[in-house]
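# Working through the structure, step by step
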Amino acid sequence: SEHMVRFGRYYALSGNEVFAGRFREGMMAMIAAAPENTYEVQVHLSFWGKVMLWDVIEESPAFSDEDRLRITNYLLQVLRSKEGFQNPSFCNLARYPEPRQNHQTLLGIALLFGARYFDRYYQLPETRDWMALVHEFYRVADDCSKPVCDCAPGWHATLENTATYALATGRMAFFEKG
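The rules behind these values
- Residues numbered from 1 in each chain as written.
- Predicted model: local features only at pLDDT ≥ 70, side-chain atom pairs only at ≥ 80, totals over all residues.
- Heavy atoms only, no water.
- Helix = DSSP H or I, 4+ residues; strand = E, 2+ residues; numbered from the N terminus.
- Buried < 20%, exposed > 50% of the residue type's maximum accessible area, 1.4 Å probe, protein only.
- Contact = heavy atoms within 4.5 Å.
- Areas by Shrake-Rupley, 256 points an atom, 1.4 Å probe, with all protein chains shown as cover.
- Phe/Tyr/Trp six-rings, centres within 6.5 Å; stacked < 30°, edge-to-face > 60°.
- Expected span 1.5 Å × (residues − 1).

### Quick notes on the overall build of the protein chain
In terms of helices and strands, the protein chain carries 9 helices and 0 strands. Scanning the protein chain from its N terminus toward the C terminus, one meets helices and strands in the order α-α-α-α-α-α-α-α-α. Residues counted as buried form 48% of the 178 residues belonging to the protein chain. Summarising the internal contacts of the protein chain: among those between residues at least 6 apart in sequence, 68% fall at separations of at least 24. Carbon and sulfur atoms make up 54% of the accessible area of the protein chain, which amounts to about 9200 Å² in all.

Written out as structure tokens, the structure reads:
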């Protein structure tokens, strides 16, 4: 999964179609495996990179129109699922002003980039709900930069994801208030 995201990044940086083709192969394998239907897989942990990169990579000649339709529909399906906007933990915690955890912030970034993409290109009304929930979720960072995670990988991920949200949205209180 992370290799797929790396291939997408390499394509974005180089324009080399080989990397776009590898991203395509990875997405097609993911669609066939449907890991979002197996709770233990926790697709939300790495889904944000695929959603973010799709906006950059989908016009590559490595993808046929059929590929684009399948991948776009799959991204939408996952974003609408319990690995996305219907995630009960994320939806519930967004309402409370408490420190955030890395799994939650990863899902928040996926919804942010998913909402932008599906609003920009498909004007899906539901994306406004996604974005409102994401803004509510990250609003905690306006007053508190402390994450729940005290282990190095989780701590770094939470802060990095919150910084990504701030930079992507222009809501800079996370940096300004420290």
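### What about the packing of aromatic side chains?
Evaluated as defined, the whole model comprises 14 aromatic pairs. Seen in terms of ring centroids, Phe-7 and Phe-19 are 6.3 Å apart; in terms of plane orientation they differ by 20 degrees. Their pairing is stacked. Of this pair, Phe-7 sits in helix H1 (residues 2-14) while Phe-19 sits in helix H2 (residues 17-33), and the two are 12 residues apart along the sequence. For Phe-7, a relative accessible area of 16% puts it in the buried group.

### Here's the deal with helix H7 (residues 126-138)
For H7, built from 13 residues, the straight-helix expectation of 18 Å at 1.5 Å per residue is met to within 8% by its first-to-last C-alpha distance of 19 Å. All of the buried residues along H7 are Thr-127, Trp-130, Met-131, Leu-133, Val-134, His-135, Phe-137 and Tyr-138.

Any link to function would need more than the numbers given here.
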